[in-house]
Protein chains: 4
Amino acid sequence: MGHNIDSSLFNIRTDLAIEEIKDEDKNTVVEKKQNGNINITSVVIDQKNKDLYNKKEGTYITIEFTDATDYNNKKEIEKVLEEELKLMLNKLKISDEAKCLIIGLGNEKSTPDSLGPLSINKIIVTNHFFELGINVEEGFRSTAAFNPGVMGQTGLETSDIVFAVVKEVKPDFLIVIDALKASSIDRINKTVQITDAGINPGSGIGNNRKEISKDVLNIPVIAIGIPTVVDTVTIVNDTFNYITNNFSYMKNNIDEPKEKLKIIRTNIDKNNVNEEDKKQLFGLIGNLNDEEIKSLINEVLIPLGYNMIVTPKEIDFEIEKLSDIIGNGINNALHKKVTEL
Amino acid sequence: MGHNIDSSLFNIRTDLAIEEIKDEDKNTVVEKKQNGNINITSVVIDQKNKDLYNKKEGTYITIEFTDATDYNNKKEIEKVLEEELKLMLNKLKISDEAKCLIIGLGNEKSTPDSLGPLSINKIIVTNHFFELGINVEEGFRSTAAFNPGVMGQTGLETSDIVFAVVKEVKPDFLIVIDALKASSIDRINKTVQITDAGINPGSGIGNNRKEISKDVLNIPVIAIGIPTVVDTVTIVNDTFNYITNNFSYMKNNIDEPKEKLKIIRTNIDKNNVNEEDKKQLFGLIGNLNDEEIKSLINEVLIPLGYNMIVTPKEIDFEIEKLSDIIGNGINNALHKKVTEL
Amino acid sequence: MGHNIDSSLFNIRTDLAIEEIKDEDKNTVVEKKQNGNINITSVVIDQKNKDLYNKKEGTYITIEFTDATDYNNKKEIEKVLEEELKLMLNKLKISDEAKCLIIGLGNEKSTPDSLGPLSINKIIVTNHFFELGINVEEGFRSTAAFNPGVMGQTGLETSDIVFAVVKEVKPDFLIVIDALKASSIDRINKTVQITDAGINPGSGIGNNRKEISKDVLNIPVIAIGIPTVVDTVTIVNDTFNYITNNFSYMKNNIDEPKEKLKIIRTNIDKNNVNEEDKKQLFGLIGNLNDEEIKSLINEVLIPLGYNMIVTPKEIDFEIEKLSDIIGNGINNALHKKVTEL
Amino acid sequence: MGHNIDSSLFNIRTDLAIEEIKDEDKNTVVEKKQNGNINITSVVIDQKNKDLYNKKEGTYITIEFTDATDYNNKKEIEKVLEEELKLMLNKLKISDEAKCLIIGLGNEKSTPDSLGPLSINKIIVTNHFFELGINVEEGFRSTAAFNPGVMGQTGLETSDIVFAVVKEVKPDFLIVIDALKASSIDRINKTVQITDAGINPGSGIGNNRKEISKDVLNIPVIAIGIPTVVDTVTIVNDTFNYITNNFSYMKNNIDEPKEKLKIIRTNIDKNNVNEEDKKQLFGLIGNLNDEEIKSLINEVLIPLGYNMIVTPKEIDFEIEKLSDIIGNGINNALHKKVTEL
């Protein structure tokens, strides 16, 4: 998340590609997989649809899961992340010997923004052994890892530090880890996004020159992110849609109470609401679409100072497990020989 | 906040008395003071109105302020807290020599729940000097401080530990510090409540025997709390009311654009909405009152697992300053000789 | 280690029984076992020899190992600790259903003194499930865990808090974890001592009433300790003896350079020096025995303020692993069903 | 301190210039000042004597103080540090507008090595305001701050990261903060060294190319260091000398017991021992000079793995205050307008 000179600008940003893609976009969604309770969706944004989604060209892999603080879930998510990272390395034609620099964006002192630095703490680094001519067991590639800090602490543009270190270290590819902002309450701490489209630390600042991407650096950049925060506007809008869907469902199933609870959970898709029901339920407000409602709420809350960015109160425990997942997933994907300790 | 076997139970709880009191309750509000940007409200809940407000009998002092991470604000809040604590000590007829035990409720490992333990870290303790017969400078009373931990870490009811330690230490009075849950988004990290009515760690658990109060312990108990979290339901309901008020205002002031921004900020009182406007704006939903809307949202969100308890993303920096305020405020109120370091 | 009103008193204390016992005390040493690189020694101090060793009656099990930050070593130490704890439980006739309270002595904010609190963080607590009537899987006993803090933070005698909580919780037995002071540089972070003789938090304070033991509490007390600090006096005296032994060895093996390095490592036993060599080497000082040398150094260094208690510079990494070992060892010994996560 | 592939190499290093200089070197010591309990010594090492002292050319200012955890001491040390830094800036002809980059060497996760990163946390950064064209109050210069991490965490040579960031940021001068190794037990956590001679992160590695200095970077480099660790060899050798001096003193003053304690404290100068007394006291060992004794101890302890680098057990509390002193001292020296918060 990095710095935020003007935190209201945060609203412009939508970090997760999957939140922009509708299911009907058949030609965008490349693949959907399921692994136990984990859903994996790959979408490709290309020249033709990048403006439509306001996203950069690239492949976006989304891994959706439930509670990461559960031991078994955690192990499964780690395995899926490893596999998807390996597929991405293959797709990008990155060899087993290619040297990797891993960057942890964000502020270790701010729990919801500490995903990058905490993940870096778990990374196995080997580059110094290669540099010093120390014998490294086969099965390990050269890896280095680095936390550039945030502008509020360093007084420096995060991207500038990253560019400087890349120029010095000359890695063959980059992995960048960051905490993201979700535009949906059901994804917080429950989604990993992997993309080769690059990343923009402290985005919304309106400075495209500063993105960390292949376009800028001429080496592949894999960005790994987990949404850890959401804003008030999103919470309210999501709730409107959940209430409407609940209302629609109740109307249609009023006579079948038995199945109510079971179905309601799977049936709720807040991206697919009945517009008529919404109008009846929410009056004038119900006439507005999602974007209009968000704008309206923004207009009301921002002058009051209440469009907060929030994080679940359990964030300390969740970020601990999520950074473990990312650290282990990366270690296992990068080195053949790693047996996780 | 302590433990939460069933976090949905959290919703029953309303930690701040001021949120229950309407301005028209003339006989309840004892006093309103202002000190720079800081508002201080004292309310007394007695035999007659305790059921009305679902609050225990006692005096509730609410100190409302703005950004506590601002250096000057922080110094002023500290001073006000010190003064109000001294008034409370006077009111409870607690002498300068009375021995004090200070308890920090909550979980130091969970940022939004760490207010109690972090405040305890700042407390000056002197009891061991008195016990060991070491000469203590005049102007200091005997103080001890203690973190009982949370049930999820200890396997023990927090109140049981507190009772056991009180029985052993035999203080003349107790100060208990806890992070609270707000039922209003505009109070998070911006309100201190002081009360002599006692406190219920992990309340909502439905166990009145376990409250920490004068009734149970036979010594005065002063509880100091700051709301650090809020639930999704509250965020949505508050927003409904802000939108309605904004709508009402716009309708009435459509021709005076010049004054719009200035007035809108002060005019907004989400506890005082125009019911007709609300109906027009929100359709069927607009017909419901606050409690009904909250129940409805709860009914929809809880089965989905989305009635989260959230905290602002800046919580780490804010809790640091807030625990400083409480620690310094207590030190200065309890000891005549303290010049804050 | 707890508080230290007068840190010079620290010197009186010798926390490890094994450091007092000489090999010739055949009837004291009950058993010596070896498990890979790990040595396990059991000694029993009884009525007859307790004054000789200035130790309380009881069984003292010492587990000696090398680098605990090595993954494989760590796993083996954990296993040995589990086994020795189970033997101790058997010996003390503690049943599988007996309720256990685990206490972590020391100061979490002071790295070398944080062994107790850090270990407590790893403990699986179940007592609240038993208390609340929540169904607990078979294979788990009732456990609670608790950090009493240190006197400098609480203003309270640590033992008083422990006694109060024991009285309230009524466990069938106690486990107490503490960081110890070594009287030998080769044991720091490389030895676990388990004893049923109880423990004296902040000992040296000369207050026998305050010990935590079966004598005082009428339930079995198992103390688990690891030496994490050593004083300057010990470092100097140990070095005198190492130098002397090295000198003795060199004199005797001057003509066999080939075997020098190999033998010197195993041959060095600083508790067994040649007194003649010591005199030749160290002049007047060499005439003194260990206790006299220590007294002399103390007399010189204490007025200068240089009899420091020190800890290795890697303490943060070592204490992390050591607390893991203790937490896992206890969990596995107390619950049949635990498969470590 | 940075990385330590081979920690035995640590011994070669002597971080404090003052420990190399004898009082008789009249032409080296430029100035001695006293400020309350604080002693300030300036020495200049030039072309002629740099080999003698095995130190780089430059000015070395040593500030010697007592307990930094005392509030009043701390304030005074901060003031002296500020003054000496200002003198150094003047001497180096660094203007009030010159842009400064501050680097914190060391490992934040390792308490005795965390001085650099912890100090950086206290630094006021302003560079981003200058870069973004945000109006900065007069009295502030442009400052940026940065933690490069340690090789064991990053896989990168610390100096390489520093060089890369310097090249990107283009500061007018550099301040580098690091924890040092003392070669005297009485300096640990009680001395600040300021020098314009540069610094060598993880020195002893035998790689002169990697030093951070004006020679390499072509801008002034001010290094600020505090010794936080000492090795066993130094402790033992210092103790030998203290014992000898104590012995010499006792011999000469055997009949004046009254003045004993008072004089002994000031009279002890471990760098100035009576060689005859040393021989009598320590036999063969007493015939060796300091360097020979250190070599001997090294030879004995290193094969045993007992030449530990140690830190006082209170390191957590001391490093907290020391990093405060450095942070505040730098802020006050760099910006005219800072009034410390």
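Thresholds applied
Residues numbered from 1 in each chain as written. Chains lettered and ligands numbered in written order. Predicted model: local features only at pLDDT ≥ 70, side-chain atom pairs only at ≥ 80, totals over all residues. Heavy atoms only, no water. Buried < 20%, exposed > 50% of the residue type's maximum accessible area, 1.4 Å probe, protein only. Helix = DSSP H or I, 4+ residues; strand = E, 2+ residues; numbered from the N terminus. Pairing = 2+ DSSP bridges. Salt bridge = Lys/Arg side-chain N within 4 Å of Asp/Glu carboxyl O. Domains from an automatic or database assignment. Contact = heavy atoms within 4.5 Å. Buried area = accessible area lost by both parts, 1.4 Å probe. Polar contact = N/O pair within 3.5 Å; in protein donor to acceptor, adjacent residues only side chain to side chain. Nonpolar A, V, L, I, M, F, W, Y, C, P; charged D, E, K, R; others polar. Phe/Tyr/Trp six-rings, centres within 6.5 Å; stacked < 30°, edge-to-face > 60°.

Undergrad: Looking at this structure, how should I read the pairing of strand β6 (residues 173–181) of chain C?
TA: Put simply, side chains in a regular strand alternate between the two faces of the sheet. Residue and element names in this part refer to chain C. Within β6, nine of the nine residues are buried, which leaves the element mostly enclosed by the surrounding structure. Where strand β4 (residues 100–104) meets β6, five bridges bridge the pair, whose relative direction is parallel. Among the inter-strand pairings, Cys100 is bridged to a residue of β6, identified as Phe173. By the bridge criterion, eight bridges tie β6 to strand β8 (residues 221–231) in an arrangement that is parallel. Looking across to β8, one finds that Ala179 is bridged to Ile226.

Undergrad: I would appreciate a short explanation of the pattern of salt bridges in the present structure.
TA: One side chain can pair with another of opposite charge once the charged atoms of both are near each other. Enumeration over the complete set of coordinates arrives at 80 salt bridges over all chains. Glu64 of chain D serves as the salt-bridge partner of Arg187 of chain D, at 2.5 Å between the closest nitrogen and oxygen. Placement of the pair is Arg187 of chain D in the loop between β6 (173–181) and β7 (191–195) and Glu64 of chain D in strand β3 (residues 58–64), with a sequence separation of 123 residues. Three or more residues joined by partner-sharing salt bridges are found here, namely Lys74, Lys75, Glu78, Lys122 and Asp324 of chain A.

Undergrad: Before we go on, may I ask you to explain the domain arrangement of chain A in this structure?
TA: Interfaces are often sized by the accessible area lost when the parts come together. All names here are of chain A. Taken domain by domain, chain A holds domain 1 (7–229 + 313–334) and domain 2 (234–310). Counting residues at the interface gives 11 residues for domain 1, matched by 11 residues for domain 2. Note on domain 1 versus domain 2: buried area summed over both sides is about 830 Å², and carbon and sulfur give 59% of it. Counting every contact that joins domain 1 to domain 2 gives zero salt bridges. At the boundary of domain 1 with domain 2, the tally comes to two residue pairs in polar contact (both at pLDDT 80 or more). Per-class residue counts for the side of domain 1 that touches domain 2 are four nonpolar, five polar and two charged.

Undergrad: For this particular structure, what's the right way to read the packing of aromatic side chains?
TA: Inspection of every chain in the model, using the stated rule, returns 12 aromatic pairs over all chains. Considering the side-chain rings of Phe240 of chain C and Phe240 of chain D, the 5.2 Å spacing of their centres and the 55 degrees angle between planes classify their relative orientation as tilted. Here Phe240 of chain C, found in helix α8 (residues 232–252), pairs with Phe240 of chain D, found in helix α8 (residues 232–252), and the two come from separate chains. Owing to a relative accessible area of 0%, Phe240 of chain C belongs among the buried residues under this scheme. The structure contains a cluster of three or more aromatic residues connected by ring pairs, namely Phe240 and Phe282 of chain A together with Phe240 and Phe282 of chain B.

Undergrad: Is there a simple way to think about the side chain of Lys278 of chain B in this case?
TA: All names here are of chain B. Here Lys278 lies in helix α10 (residues 275–286). Here Lys278 falls in the buried class, since its relative accessible area comes to 1%. There is a polar contact of 3.4 Å between the side chain of Lys278 and the side chain of Asn241. Every residue in contact with Lys278, bar those within four places of it in the chain, is listed here: Asn241, Thr244, Val273, Gly283, Gly286, Leu288, Asp290 and Ile293.

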